[in-house]
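Spelled out, the chains give:
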Amino acid sequence: MKGGTVQINWHDTKPVLTLDFHPISGLLATGGADFDIKKKIPTASYQNSLSYHGSAVNALGFSPSGEQLASGADGGEQNVWKLHTTETDQSWKVFKSLS
């Protein structure tokens, strides 16, 4: 039997370098060589993209409460994202930049 490499094209055909699952909702966040973080529901499509890094995102981790997401990139940038919830929507914004 021959094996092959699985390719996921969520990051504009660039590699997925890191991922983490939200501890409560099961939301999947991936960081890739396209410098973005993609958030996905556990299906084959992503919810939306968080753009802030200037180089490939290669480290991600949700806080135990799921209200913060830490990200790190090749260029040494480190960010803490915070979940902002309104009555009708949720969004993630950079809370702290540690570059």
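Overview of the structure. (Residues numbered from 1 in each chain as written. Predicted model: local features only at pLDDT ≥ 70, side-chain atom pairs only at ≥ 80, totals over all residues. Heavy atoms only, no water.)

## Remarks on the overall build of the chain
The test is simple: By definition, any uninterrupted DSSP run of H or I lasting at least four residues is a helix, any uninterrupted run of E lasting at least two residues is a strand, and each is numbered from the N terminus. Three exposure classes are used, based on accessible area relative to the maximum for each residue type with a 1.4 Å probe and protein chains only: buried under 20%, partly exposed in between, and exposed over 50%. Contacts are residue-level and defined by heavy atoms, with any inter-residue pair within 4.5 Å sufficient.
Scanning the chain from terminus to terminus reveals zero helices and eight strands. The secondary structure elements of the chain, listed N-terminal to C-terminal, are β-β-β-β-β-β-β-β. Here the chain holds 99 residues, and the buried ones make up 36% of them. The long-range share in the chain, meaning contacts at least 24 apart out of those at least 6 apart in sequence, stands at 28%.

## Some words on the sheet that holds strand 5 (residues 57-62)
Formally: A pair of strands is labelled paired if DSSP reports no fewer than 2 bridges between them. Axis geometry follows a simple rule: fit a line to the C-alpha atoms, using only the stretch in contact for helices, then measure angles between N-to-C directions, giving values from 0 to 180 degrees.
With antiparallel pairing, four strands are arranged side by side in an open sheet as 5-6-7-8. The open sheet is flanked by strand 5 and strand 8 (90-97), the only strands paired with a single partner. Geometrically, the sheet is characterised by an average inter-axis angle of 25° between neighbouring strands, direction not taken into account. Note that strand 6 (residues 68-73) and strand 7 (residues 78-85) share five bridges and pair antiparallel. Each residue of the ladder has a partner; that of Ala 70, found in strand 7, is Val 80.

## So, the packing of aromatic side chains
Under the convention used in this document: Here a Phe, Tyr or Trp ring, Trp counted by its six-membered ring, pairs with any other such ring whose centre lies within 6.5 Å, and the pair is stacked when the planes are under 30 degrees apart, edge-to-face when over 60, and tilted otherwise. Throughout this description, the term charge over a ring refers to an Arg CZ or Lys NZ atom that lies within 6 Å of the ring centre and within 35 degrees of the ring normal.
Evaluated as defined, the whole model comprises two aromatic pairs. A ring pair is formed by Tyr 52 and Trp 81, whose centres lie 6.0 Å apart and whose planes are at 80°; its orientation type is edge-to-face. Of the two residues, Tyr 52 is situated in the loop between strand 4 (46-51) and strand 5 and Trp 81 in strand 7; the sequence distance between them amounts to 29 residues. The residue whose ring lies beneath Lys 82 is Phe 95, and the NZ or CZ to ring-centre distance is 5.8 Å.

## Digging into the pattern of salt bridges
The following threshold applies: Salt bridge criterion: a side-chain nitrogen from Lys or Arg within 4 Å of a carboxyl oxygen from Asp or Glu.
For the structure on display, the rule yields two salt bridges. In this structure, the salt-bridge partner of Lys 38 is Asp 34, at a minimum N-O distance of 3.9 Å. One exposure class covers both Lys 38 and Asp 34, and it is buried. In this structure, Lys 38 and Asp 36 form a salt bridge, with 3.9 Å as the shortest nitrogen-oxygen distance. There is no split in this pair, since Lys 38 and Asp 36 are both buried. Where salt bridges share partners, they join Asp 34, Asp 36 and Lys 38 into one cluster.

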